[in-house]
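What follows is each chain in one-letter form.
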Number of protein chains: 2
Amino acid sequence: MFAKVLKTIKKYGMIDPGERVGVAVSGGSDSVALLTVLHDLVPRGGFSLVVVHVHHGLRGAESDRDADFVKTLADGLGLPLATGTIPPGTLSDGGGASLEDRARRERYRIFDEIGKLHGLTKMALGHTLDDQAETVLMKFLRGAGAAGLRGMLPVRDGFFIRPLLETTRREIQEFLDKRGILYVTDSTNEDDCYLRNRIRRRVLPELAELVNPNLAETLERTAEIFRDEEDWLKEMTNSAADRLGLRFDRVPVEIDLAKLRDCNRALQRRLIKLCLNSVPVGGPERGFEHVEAVLSLVEGDNPSGRLDLGGGLEARREYDRLVVGRRPEPDETTVGTSFSCVARCPGVTPIDAIARSLSLEMVDKAGAGTAGIAFMDMDTIDGLLTVRNVLPGDRIQPLGMKGHKKLKSLFIDAKVPRRLRCRIPLLADARSIIWVPGICLSERVRVRKETRAVMKAEIV
Amino acid sequence: MFAKVLKTIKKYGMIDPGERVGVAVSGGSDSVALLTVLHDLVPRGGFSLVVVHVHHGLRGAESDRDADFVKTLADGLGLPLATGTIPPGTLSDGGGASLEDRARRERYRIFDEIGKLHGLTKMALGHTLDDQAETVLMKFLRGAGAAGLRGMLPVRDGFFIRPLLETTRREIQEFLDKRGILYVTDSTNEDDCYLRNRIRRRVLPELAELVNPNLAETLERTAEIFRDEEDWLKEMTNSAADRLGLRFDRVPVEIDLAKLRDCNRALQRRLIKLCLNSVPVGGPERGFEHVEAVLSLVEGDNPSGRLDLGGGLEARREYDRLVVGRRPEPDETTVGTSFSCVARCPGVTPIDAIARSLSLEMVDKAGAGTAGIAFMDMDTIDGLLTVRNVLPGDRIQPLGMKGHKKLKSLFIDAKVPRRLRCRIPLLADARSIIWVPGICLSERVRVRKETRAVMKAEIV
């Protein structure tokens, strides 16, 4: 095991002589092995060590036992000990995986803090090859692209290092057994209500048995390949962004459509994703569906198409440009209720703001439309469906008409009182508004003789 | 389901008016659904159909039943039927997954043949979104990079098309049930001795339950992303190969080392892989381990390092170039037995040609070396270990010496008869020969005071 850890440290240039390295020690087998190996290396490596322990307060007496154990360990090796505590209140609400997540974030925050306080130049973490395999598999099964398949980085932000990342848990166990080194065990490791534990205890062993006995090593290798490829792709995306004149320091971000269309599809996806996630608005990071929806806006026929991406983020076409920015503030036409969400198809999407729901389903053939029900040709629908209220400038091509009409005029013609206009749930796809319930269906999505698949939309 | 299939056909431009499309029909639910949908589309699409069936002869009476069923189906739709038969002898040897593999290859060969015979411009295959998910998961678990994660292509070689690739098996089942369409079932689908069946019947349902209920859709999306990224990466690798002046039309392939070292790691990997797989020699496609071994040759200190990649393929450094080509024919010094294989570490590697084995294991500390046993510093070993017989020009830095010595001189000094020289198993890493059993250990891998991990090599 020693040789492997050394190889990893050398390969990634993890520790230079003269550094002051914190070692995160929970008291468990991995971190105790990490501390032992690094301590053995000190005379050769010319660096110094500080033992770092975070008291969790999540597991009561067990946490106190762990803290005592780590103190004894540090004293025995004659190393300084730096500790931090997660305040019990921080993690009190919520449970399950998200509790684990919050504990992790809090731990990293404390590591940063201790690092500054004690002048540490590196912080060594005890993640093993098996932890890496679990991470990569979990990300893959949840739909990560190359960025996710990189797994945990051997060196992150030039501060966190993971010297055990190419060593297996079995090698560590053998090393500890051979040297007769003691460690504590974490009772939550056996708890199958955590996804990671299920992956570790059930999924990985079974896949190793059924498909590939060297699965953990295979997955670490996959991570290594994708670390390098992702770096390369990022580099190329950034230089393409420069070439296209993208400016991420101001909102909205604008892209020349002709130049974007000249890029290959993979680069288009990455450029769009970069734009979407550079605008500081609410909501989680935008992923595949959002990027695909913007792509259909880019390729669609509507020169002033608009796409609501939730959380106040909007993509729209303005002549020869794609513009990604904040959704405009409602003007006097649309003041009042505001809502927007991606519609489940098929499925029911609640629209909380107006206490109604939108139901979408596939049916055999079109029936008669009513104020609350419309039938559309599935095949004409383009990209993501959203249900939202009216925005300034919204237009539709009404059934049987050649041209487009402003929704504002439609509302005026239909005598909808101004204060109610923003409560009407509009159905839109990536190209345009396709249905204004009670008022108008879009000519574009009309059910025709040759329609093969019909979607029924209903406000319920 | 109809709308989804149409969307897929349009998205990938699968069928143009005037085409003559073969539909591969096994008689199973997927292919019968595919035939039904395509037949419904004929009047709109302006193409024509030919039903294609391959008689397997693998499943006896069941195969005859399938063939009869498909004939009745084609007759009922008034479509021409083209059939091919896998000759029983073709698949007779071997079993398990490799039998399945050979059957698949043979099927594709027959599809090609029928295509030419009947003037088909496309051949439609019934692979579904679930088949795709199985393929992508299987490749991932076996260690595929971006190229493997593309899964099955919607359009391959401009001939094979997969219109059901975005439709789930469940949607197909519902479609068939609703229309009351009959199909046959394949009894081998239930046989868990095939890896794909285990993935389908056990692994995927369990992962869907434990991790991601939309796993199949997620994996098809992953495939879609990687299809585009892989195209991009290939394009860039090819243009880098041009820039570096690589010529794949002659052997050996040569790369300027300085230029290669200037490339980023991911590009280096892809260029090397391209070189390795462009030399027409024996053995399977060269993958990650081989590429890593060549990389360590590129980065190593030995200006005339040489790496045996099996099957007669060799990579070597010649001054400022990396040369990938055929292993030189043995000259009079080395005529006779020839062997070369990657050594398992730790593990036992049989060397069939001389009826011996090489055993490698980690030990606590070095013992006394003998003719058949040597101890080395794990940490000094570079890349892949191979065990092979001597090649013209092989050199070693003998223990305690500064310079290098030719193996030929060593053999002469040690009075090894010429006919036995090629029977001595040499241990080599990516940089040089490290052990000549009975004669000499390399100074480079000597166990020193500061050695932390010792490898014991033994000829048994």
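Numbers given for residues are sequential positions, taken from 1 along each chain in its written order. Numbering of ligands from 1 and lettering of chains from A proceed in the order in which they are written. Local features in this predicted model are restricted to residues of pLDDT 70 or higher, and side-chain atom pairs are both shown and tallied only at a pLDDT of 80 or more, whereas totals for entire chains, interfaces and linings draw on every residue. Note that the side-chain values use all heavy atoms of the structure and ignore hydrogens as well as water.

Peer 1: Quick question: what am I supposed to make of the interface of chain A and chain B here?
Peer 2: Often the size quoted for an interface is simply the accessible area lost on bringing the parts together. Contacts are assigned to residue pairs with any non-hydrogen atoms lying within 4.5 Å of each other. With 60 residues of chain A at the contact, the number on the chain B side is 59 residues. For the pairing of chain A and chain B, the buried interface totals around 5,400 Å² over both sides, and the portion due to carbon and sulfur atoms is 62%. Two parts lose some accessible area (1.4 Å probe) when they are put together, and adding that loss for both gives the buried area. Its largest share of buried area at the contact with chain B, chain A owes to A:Phe140, A:Trp232 and A:Arg452, together 14% of the area lost on that side. Whenever Lys or Arg places a side-chain nitrogen within 4 Å of a carboxyl oxygen from Asp or Glu, that contact is recorded as a salt bridge. Where chain A meets chain B, there are 13 salt bridges. The salt bridge involving B:Arg269 is made with A:Asp228; its shortest N-O contact spans 2.7 Å. Two N or O atoms form a polar contact when they lie within 3.5 Å of each other; inside protein one atom must be a possible hydrogen donor and the other a possible acceptor, and for residues adjacent in sequence the pair counts only when both atoms belong to side chains. Between the two partners, chain A and chain B, sit 11 residue pairs in polar contact (both at pLDDT 80 or more). Going along the chain from the N terminus, every DSSP run of H or I of four or more residues is numbered as a helix, and every run of E of two or more is numbered as a strand. Ranked by residues supplied to the side of chain A that touches chain B, first place goes to helix H9 (residues 215-243) of chain A with 15 residues.

Peer 1: For this particular structure, what's the right way to read the relation of the copies chain A and chain B?
Peer 2: Mapping one chain copy onto the other needs a rotation about an axis and a shift along that axis. Superposition of the copies was done by least squares, using only C-alpha atoms of residues whose pLDDT is at least 70 in both. Between chain A and chain B, which share one sequence, the superposing operator has a rotation angle of 180 degrees and an axial displacement of 0.1 Å; the RMSD is 0.4 Å. What the superposition gives is, in effect, a two-fold axis relating one chain to the other. In this assembly the copies share their binding face: 98% of the residues contributing to the interface of chain A also contribute to that of chain B.

Peer 1: What exactly am I supposed to notice about the pairing of strand S9 (residues 313-318) of chain B here?
Peer 2: If a strand is regular, its side chains alternate between the two faces of the sheet. Residues and elements named next belong to chain B. Per-residue accessibility, obtained with a 1.4 Å probe over protein chains only, is compared with the maximum for each type, and a residue is labelled buried under 20%, exposed over 50%, and partly exposed between these values. Burial analysis of S9 places 5 of its 6 residues in the buried class, the great majority of the element. Of the pairings in the sheet, the one linking strand S8 (residues 306-308) to S9 comprises 3 bridges and is antiparallel in character. Its bridge partner being in S9, aspartate 308 is matched across the sheet by glutamate 314. As judged from the 6 bridges shared by S9 and strand S10 (residues 321-326), these two strands associate in the antiparallel manner. Among the inter-strand pairings, glutamate 318 is bridged to a residue of S10, identified as arginine 321. Any two strands between which DSSP finds at least two bridges are classified as paired.

Peer 1: Just to check I follow, could you spell out empty space enclosed by the protein for this structure?
Peer 2: Left-over empty space is what a probe sized like a water molecule reveals as it rolls over the atoms. Definitions used throughout: a 1 Å grid over protein atoms alone; a cavity as a set of points that fits a 1.4 Å probe which cannot get out; a pocket as an open set with protein on both sides within 12 Å along at least five of seven lines; a lining residue as one with an atom within 4 Å of a point. Grid points are joined across faces, edges and corners, and a volume is the space filled by probe spheres set on the points. The final tally for this structure, using the stated rule, is 1 cavity of 30 Å³ or more. In this model, the largest cavity occupies a volume close to 60 Å³. Around the largest cavity, the lining residues are A:Val203, A:Glu206, A:Leu207, A:Leu210, B:Val203, B:Glu206 and B:Leu207. At the level of secondary structure, the elements contributing two or more residues to the lining of the largest cavity comprise helix H8 (195-210) of chain A together with helix H8 (195-210) of chain B. In terms of residue count, the dominant contributor to the lining of the largest cavity is H8(A) (4 residues). Amino acid classes used here: Ala, Val, Leu, Ile, Met, Phe, Trp, Tyr, Cys and Pro are nonpolar; Asp, Glu, Lys and Arg are charged; the rest, including Gly, are polar. Broken down by class, the residue content of the lining of the largest cavity amounts to 5 nonpolar, no polar and 2 charged.

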